[in-house]
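Commentary on secondary and tertiary structure
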Amino acid sequence: MAKIKFEVAIKGLEDIVDRLEKGDLSLDETLSEYENGIKLYKQCVAMLENAEKKMQVLVKDENGVLRTKDFEIKTTQSNDSN
Amino acid sequence: MNFSNTLPLLFDTVKNRPKILTISELTRRIRNSLENEFFNIWVVGEISNLKKPTSGHVYLTLKDADSQIQVVMFKSVANGVKFELRDGMEVLAFGSVTVYELRGQYQLVIENIEPKGIGALQLAFLQLKERLEKEGLFDPARKKPLPLLPKKIAIVTSLTGAAIRDILKVINKRFAKVEIIIYPVKVQGEGAALEIAQAINDLNTIPDIDVMIVGRGGGSLEDLWAFNEEVVARSIYASKIPVISAVGHEIDVTISDLVADKRALTPTEAGELVVPRYDQLKDSLEKIKARLVQSLYNKILVIRSHLLRIKNSYSFKRPFDRILRLQQGLDEITQTLVSVSKHTLELERERLIGLVNRLDSVSPLKVLSRGYSITTSLESNKPIKSIEGLTVGKKLKIRFFKGSVISSVVELLE
C-alpha cells in the first residue's frame with residue numbers, strides 16, 4: 001500500500017465528496033472522481049484495520065546506540081486486545 | 001637622651017601586652033571572629049553590582065538603605081539557582097561571612113538565595129516563561145497538528161511512574177492498534193531535564209514516529225521541575241515530531257506544556273489525545289463514503305431526469321414535424337411557382353394570338369381575299385407597280401386570292 005497518512009487520505013476523500021456534491025462535474029469526471037474516492041476509502045479502511053499493536057522500550061547501549069526491546073507492563077488487570 | 005623618658009613608657013606599654021600581632025595574625029583573628037559569629041545566617045537585601053564573569057562565580061553587592069556588603073556565590077552554588085538574578089531584586093540569602101585575607105575585606109559567601117516574597121522556582125518559572133514567550137517558543141502558529149491515526153507513538157517518561165501506567169491503560173482500553181516506543185528517563189532530580197531533552201532529540205532520529213508524549217505524573221513543583229527547564233523547552237521546540245506534554249495534574253502548568261504542540265491536562269488525557277478512537281474514525285469514514293455514493297447517485301438522478309426531459313420534449317417526440325413542415329413549405333412554393341408560370345404562359349399565348357391576328361391583318365393574302373390581285377414580272381417575279389417598261393405582248397403573272405394566270409399585255413393605257 002502506498003505510504004500515505006490517514007489524514008491526507010481522508011482529506012482527499014472529503015475533497016472529492018465536496019466536489020461531487022457540487023454536482024457540476026461531467027458524468028465522466030464524476031465517475032473517475034468516484035473511483036478515486038473509493039480507492040481512498042479502501043486505503044483508509046486498510047489503515048484502520050491493518051495496524052498492529054506492539055510495545056517496545058528504547059535502551060541505549062554502552063556505545064550510545066539506541067536499541068529497542070519488546071516490553072510488557074502491567075496495567076491493572078486489563079487484558080491485551082490481541 | 002631626651003627620649004629616655006618616653007622610651008620606657010613605650011616599652012612598658014608593649015611589655016604589658018601579651019603579644020604583638022602581625023597583620024596576618026590580626027586578619028586571621030578577625031576572620032575567626034567574624035566567621036564564628038556570622039556562620040549560616042539569613043540576610044535580606046537588594047542586589048546591586050551583579051557580575052557574572054566567565055569563571056562561573058557570581059559577585060554582587062547586597063544593600064539596604066544605609067549599608068552594603070560584598071557577596072560572592074561560587075559556581076557550584078550559582079549553577080543551582082533556578083531563577084535569574086537581577087540588579088534591584090530583593091532577595092533572601094543564606095550563607096556565612098568570610099574574610100578575604102589578601103585584601104582585608106570581609107564578604108558574605110552565600111549558599112542559597114531566594115527571591116523575597118515569592119518562591120525561587122516560581123520566580124524562575126515566570127522568568128523563563130517570559131523570556132521564551134518573547135522568543136516565540138509558545139507561538140500557536142508554530143504548533144504542529146497531531147496525527148489522526150498515528151502508527152508509532154513514543155513516550156518519554158519514567159518506567160516506574162504513574163504516567164506510563166495511565167497512558168497504557170487508555171491504550172489498552174481502546175484496543176488501539178499502535179506501536180509504542182517507550183524511552184525511559186529520569187523525570188525528577190539531578191540530570192532529569194538533560195535526560196528528557198536528550199530523549200526528545202534521540203527520538204527525532206528514529207524514523208516513522210508519528211507523535212510523542214513527554215511527561216510524568218503529579219508531584220510537587222520541585223518534582224515537576226525538569227519540565228520547567230530551558231533545555232527541555234528547547235528540545236520540544238526543535239522536535240519535528242509533534243509533542244504532547246503531559247505533566248502532573250490539571251493545575252500544574254509547566255514550560256513544557258506551553259512549548260509543546262499540545263498540552264494534555266494529565267497523562268491519561270495524553271493517551272486519549274494520541275490514541276485514535278477507531279470506532280469514531282470508522283464511523284466518520286463510513287459517513288464520508290455514504291456521501292460519496294450518494295453524490296454519484298444524485299448525479300445519475302440528475303442526468304436521468306435530464307434525459308427524460310429531453311425524451312419527453314415536443315421536438316424529440318415528433319422528429320418528422322420539422323421535415324413535414326419543410327415539405328409543406330416546399331409544396332407551397334412549388335404551387336406558387338406552377339401557378340405563376342401558368343399565368344405567364346397564358347399571357348404569352350394571348351400575346352401570340354394577338355400578334356398572329358395582327359400579322360394576319362397585314363397579310364397580302366388577306367388583301368387578295370378582298371378581290372385584289374398581284375401582277376408580277378414573269379422573269380423577276382417582282383410586283384409590277386407601273387406600266388413603265390411594259391410592252392405589248394409582254395407576258396405577266398397575275399396572282400388572285402385563289403390561283404394565278406399568265407397573261408400578256410394587249411394594250412398600254414396611259
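What counts, and where the lines are drawn
Residues numbered from 1 in each chain as written. Chains lettered and ligands numbered in written order. Predicted model: local features only at pLDDT ≥ 70, side-chain atom pairs only at ≥ 80, totals over all residues. Heavy atoms only, no water. Helix = DSSP H or I, 4+ residues; strand = E, 2+ residues; numbered from the N terminus. Buried < 20%, exposed > 50% of the residue type's maximum accessible area, 1.4 Å probe, protein only. Contact = heavy atoms within 4.5 Å. Areas by Shrake-Rupley, 256 points an atom, 1.4 Å probe, with all protein chains shown as cover. Pairing = 2+ DSSP bridges. Expected span 1.5 Å × (residues − 1). pLDDT = per-residue confidence, 0-100. Core = buried A, V, L, I, M, F, W, Y, C linked by side-chain atoms within 4.5 Å. Domains from an automatic or database assignment.

Observations concerning the overall build of chain B
Of regular secondary structure, chain B possesses 13 helices and 13 strands. Expressed as a percentage of its 414 residues, the buried residues of chain B come to 33%. Here the contacts in chain B between residues at least 6 apart in sequence split such that 60% fall between residues at least 24 apart. Here chain B displays about 26,400 Å² of accessible surface, and carbon together with sulfur accounts for 57% of that area.

Considerations on the sheet that holds strand S2 (residues 66-70) of chain A
Here 7 strands make up an open sheet; going across it, the order is S2(A)-S1(A)-S7(B)-S6(B)-S8(B)-S9(B)-S10(B) and the pairing mixed. Edge positions in the sheet fall to S2 of chain A together with strand S10 (262-263) of chain B, since each of these pairs with one other strand and no more. Relative to strand S8 (residues 211-216) of chain B, strand S6 (residues 152-157) of chain B is paired through 4 bridges, and the arrangement is parallel. Paired with Ile153(B) across the bridge in S8(B) is Val211(B).

Here we look at helix H4 (residues 120-135) of chain B
All names here are of chain B. Look at H4: 22 Å from first C-alpha to last across 16 residues, which is about the 22 Å you get at 1.5 Å a residue. Residues of H4 that are buried include every one of Ala120, Leu121, Leu123, Ala124, Phe125, Gln127, Leu128 and Leu132, and no others. Here the buried face of H4 lies against strand S5 (105-115), helix H7 (230-238) and helix H8 (255-259). Trailing H4 by a residue or two, Gly136 shows a phi angle of about 95°, which is positive.

Points about the confidence of the model for chain A
Residues and elements named next belong to chain A. Of the residues in chain A, 83% reach a pLDDT of 70 or more, and the chain-wide mean stands at 78. Mean pLDDT across the elements of chain A ranges from a minimum in S2, with 80, to a maximum in helix H1 (residues 6-22), with 88. Residue range residues 76-82 is modelled with pLDDT below 50. Its contacts to residues more than four positions away, or to other chains, number 8 contacts.

Overview of the environment of Leu146(B)
Of note, Leu146(B) is situated in the loop between H4 and S6. Each C-alpha atom of the pair Leu146(B) and Val243(B) lies 8.3 Å from the other, and the pair is 97 residues apart in sequence. Setting aside its immediate chain neighbours within four residues, Leu146(B) contacts Glu7(A), Val211(B), Pro242(B), Ile244(B), Lys262(B) and Leu273(B).

Section: the nonpolar core
Counting 59 residues, the largest nonpolar core has Met73(B), Phe83(B), Ile113(B), Val156(B), Ile196(B), Leu203(B) and Met212(B) as the members making the most contacts within it. Sorting elements by how many residues they give to this core places H4(B) first, with 7 residues. When residues of this core are assigned to domains, at least three map to each of domain 1 (3-117) and domain 2 (124-274) of chain B. Other than its neighbours up to four places away in sequence, Phe83(B) contacts Met89(B), Ile113(B), Glu114(B), Pro115(B), Ala120(B), Leu123(B), Ala124(B) and Gln127(B). Among the nonpolar cores identified, the runner-up in size contains 43 residues, and Leu13(A), Leu25(A), Leu168(B) and Val274(B) belong to it.

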